[in-house]
Amino acid sequence: MSAHPTNGLNDVVHQRHRLGILTIAAESKRVEFGYLREALDLTNGNLSRHITVLNEAGLLDIEKGYEGRRPRTWVSITETGREALAAEMSALRALVARHDH
Amino acid sequence: MSDSPAELLDDLRQLRRKVRQDRHGHAFPLLLFAGLILVAPVLYGSDPWPTMSPDGRHVLIERGPFEVFERPWVRWGGSNVLIQWYWMLGLVTCFAASAWWYRRRADVAGIETDTRGYLTVAGAALVGMVFGERLLSHIVSATLDTSLYSRPEINLPIMIGAVALSGTAIFAGTRWRRLRVIGVFAAALSAMVAFATIAVYMINGLAGLLIIAVALLALAWAERSLLIAVTGVLFTAVSLHANLQGVGLLVGSSDTRLIALMDVAPPAAVLIIGGVIALVQSRRAA
């Protein structure tokens, strides 16, 4: 008997906002903090916490800099992050397929 | 976003679509390349006088550094080095400018398109067509005493082999992480050989159009844009026609500038139409 698809879910990634952050980052070379906040409708504090968790898990890289005098934070997905996102999406699709049958 | 797997997947799909729309910025490269193409005919009429040998009896024809950008039927009097340098520097500048554009756009939009693949493919096409074709032709000429153009039974197997090798290297590089660096290198190298064999048939000297076509198809993939993909395919078709036959000689004029303009006008028109549509789309989205 094959393993249940929920076994493929990653605790760090399987959170809707973190999935959203990884999905956006996977579609770009790098994405700015403000863009993520607007796109996911999160507060600065919430977004910051999610990014820290993903960064500590090695799924995101963070790059801090300035544009003029304005501080800007850019995040980019790592190779491990791409693999974790792909695995999570596969597990979700398997869950949906299992539910449909 | 919702928590049911099906709804979550649907939300992520919509999010991905929105992100792709937000980072699209291809109006600039399309219009930039159209400008590069439309200015080129101005330089096609400036053939220099033939260079005489010291004894005054022979005409020395300089091949120039980037012969693939030369129109063979207008260089009877000597090589037009100016147009060769125009295409070479113009293409490099346009590729660099489009990479700068996406970087600058990221500062405004907050999200940056990854142009590394686009630049790698464009670089492979440029090097393969400009230097690879010359090297390959020289090797075949020196070893087999024949030209690649007249011997498709030699050229086509090299082309098919190079394309197959490039595809295999891309697959291996994406499938196995530790093979990524060598995969990218092998894919770029074999792609250069493939482009070199294609350049052999670009007898109208408009290989620059095909280099742009290859770059646009890579950009369409990077942008995941249907508009730029359709524009790229149409541009490739008219660019191949311009290189293999063209409409310039149908005009019946001896003006080399007019002939060149007629040949490059259809590809440029495709880019202008695609660029204007992209511009309208981005204005509407804003």
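This structure is a prediction, so every number in the text was calculated from the model and none was measured.

Undergrad: Tell me what's going on with the overall build of chain A, and back it up with residues and numbers.
TA: Regarding its fold elements, chain A presents 4 helices and 3 strands. Listing the helices and strands of chain A from first to last along the sequence gives α-β-α-α-β-β-α. Per-residue burial for chain A yields a buried fraction of 45% across its 101 residues. Partitioning the contacts of chain A with sequence separation of at least 6, the portion at a separation of at least 24 is 54%.

Undergrad: So what about the overall build of chain B? Which residues, and what values?
TA: Of regular secondary structure, chain B possesses 9 helices and 3 strands. In chain B, buried positions account for 45% of the 286 residues. A total accessible area of about 14500 Å² is found for chain B, and carbon and sulfur atoms account for 68% of it.

Undergrad: How would you summarise helix α3 (residues 44-56) of chain A if you had to cite specific residues and measurements?
TA: Residue and element names in this part refer to chain A. In this model, α3 (13 residues) spans 18 Å end to end at C-alpha, consistent with the 18 Å of a helix rising 1.5 Å per residue. The elements touched by buried residues of α3 are α1 (16-26), α2 (33-40), β2 (60-67) and β3 (70-77). Of the residues flanking the end of α3, it is Gly58, one or two places downstream, whose phi is positive at about 80°.

Undergrad: Account for the nonpolar core, with residues named and values stated.
TA: Side chains of a nonpolar character, in soluble globular proteins, are inclined to be buried together. Within the largest apolar cluster, 59 residues are counted, with the highest numbers of intra-cluster contacts made by Phe69 and Trp87 of chain B. Every element with two or more residues in this core is listed here: α2 (27-39), α3 (81-109), α4 (116-144), α5 (152-175), α6 (180-199), α7 (207-223), α8 (226-244) and α9 (256-285) of chain B. Per element, the largest residue contribution to this core is 11 residues, and it comes from α7 of chain B. Other than its neighbours up to four places away in sequence, Trp87 of chain B contacts Leu36, Ile37, Ala40, Tyr44, Phe69, Gly208, Leu209 and Ile212 of chain B. Core analysis: the second largest hydrophobic core is formed by 30 residues, Val13, Leu47, Leu54 and Ile77 of chain A among them.

Undergrad: Tell me about the packing of α1 of chain A against helix α4 (residues 79-100) of chain A, residues and numbers included.
TA: Residue and element names in this part refer to chain A. Taken N-terminus to C-terminus, the directions of α1 and α4 make an angle of 120°; their axes are 10 Å apart at the nearest point. Considered as vectors, α1 and α4 are oriented oblique to each other. For the crossing formed where α1 meets α4, the hand is left-handed. Across the interface between the two elements, Leu19, Leu22, Thr23 and Ala26 from α1 touch Arg82, Leu85, Glu88 and Leu92 from α4. Split into classes, the residues belonging to the contact of α1 with α4 amount to 5 nonpolar, 1 polar and 2 charged.

Undergrad: Explain the UniProt feature "transmembrane region" (unreviewed entry) in chain B to me, and be specific about the residues and the numbers.
TA: Residues and elements named next belong to chain B. When the UniProt feature table is mapped onto this chain numbering, "transmembrane region" (unreviewed entry) sits at residues 26-44, 85-103, 115-136, 156-174, 181-200, 206-222, 229-252 and 258-280. Between the first and last C-alpha atoms of residues 26-44 the distance is 29 Å; the span itself is 68% helix and 0% strand. Secondary structure content for residues 206-222 is 94% helix and 0% strand, while the C-alpha to C-alpha distance between its ends is 25 Å.

Undergrad: Lay out the sheet that holds strand β3 (residues 111-112) of chain B with the relevant residues and their values.
TA: Hydrogen bonding along the main chain pairs the strands of a sheet, whether they run parallel or antiparallel. Read across the open sheet, the 4 strands follow the order β2(A)-β3(A)-β1(A)-β3(B); overall the sheet is antiparallel. Single-partner strands in this sheet number two, and they are β2 of chain A together with β3 of chain B. Two elements, β2 of chain A and β3 of chain A, share 8 bridges in a ladder whose sense is antiparallel. Bridge pairing in β3 of chain A places Glu63 of chain A opposite Trp74 of chain A.

Undergrad: Account for the pairing of β3 of chain A, with residues named and values stated.
TA: All names here are of chain A. Most of β3 sits out of view: 6 of its 8 residues are buried. By the bridge criterion, 2 bridges tie strand β1 (residues 30-32) to β3 in an arrangement that is antiparallel. Looking across to β3, one finds that Val31 is bridged to Val75.

Undergrad: How would you summarise the packing of α5 of chain B against α6 of chain B if you had to cite specific residues and measurements?
TA: Residue and element names in this part refer to chain B. Running from N to C, α5 and α6 point in directions that differ by 160°, and their axes come no closer than 8 Å. Put simply, α5 runs roughly antiparallel to α6. Crossing of α5 against α6: the hand is left-handed. Of the residues in α6, those touching α5 at Asn155, Ile158, Met159, Ala162, Val163, Leu165, Ser166, Ala169, Ile170, Gly173 and Thr174 are Arg180, Gly183, Ala186, Ala187, Ser190, Ala191, Val193, Ala194, Thr197 and Ile198.

Undergrad: Give a description of the pattern of salt bridges that names residues and reports values.
TA: Pairing of side chains with opposite charge becomes possible as their charged atoms draw close. Taken as a whole and judged by the stated rule, the model has 14 salt bridges over all chains. Put simply, Glu27 of chain A and Arg16 of chain B hold a salt bridge, and the shortest N to O gap is 3.7 Å. One end of the pair, Glu27 of chain A, is in the loop between α1 and β1; the other, Arg16 of chain B, is in helix α1 (residues 5-23), on a second chain. Taking relative accessible area as the criterion, Glu27 of chain A reaches 13% and is therefore assigned buried. Notably, a salt bridge pairs Arg103 of chain B with Glu112 of chain B, separated by 4.0 Å at the nearest N-O pair. The exposure class of Arg103 of chain B is partly exposed, given its relative accessible area of 40%.

Rules used throughout
Residues numbered from 1 in each chain as written. Chains lettered and ligands numbered in written order. Predicted model: local features only at pLDDT ≥ 70, side-chain atom pairs only at ≥ 80, totals over all residues. Heavy atoms only, no water. Helix = DSSP H or I, 4+ residues; strand = E, 2+ residues; numbered from the N terminus. Buried < 20%, exposed > 50% of the residue type's maximum accessible area, 1.4 Å probe, protein only. Contact = heavy atoms within 4.5 Å. Areas by Shrake-Rupley, 256 points an atom, 1.4 Å probe, with all protein chains shown as cover. Expected span 1.5 Å × (residues − 1). Core = buried A, V, L, I, M, F, W, Y, C linked by side-chain atoms within 4.5 Å. Axes fitted to C-alpha atoms, helices over the stretch in contact; angles between N-to-C directions. Parallel < 35°, antiparallel > 145°, perpendicular 65-115°, else oblique. Left-handed = near helix turned anticlockwise from the far one by under 90°. Nonpolar A, V, L, I, M, F, W, Y, C, P; charged D, E, K, R; others polar. UniProt positions renumbered as here; feature names shortened; annotations may be inferred. Pairing = 2+ DSSP bridges. Salt bridge = Lys/Arg side-chain N within 4 Å of Asp/Glu carboxyl O.

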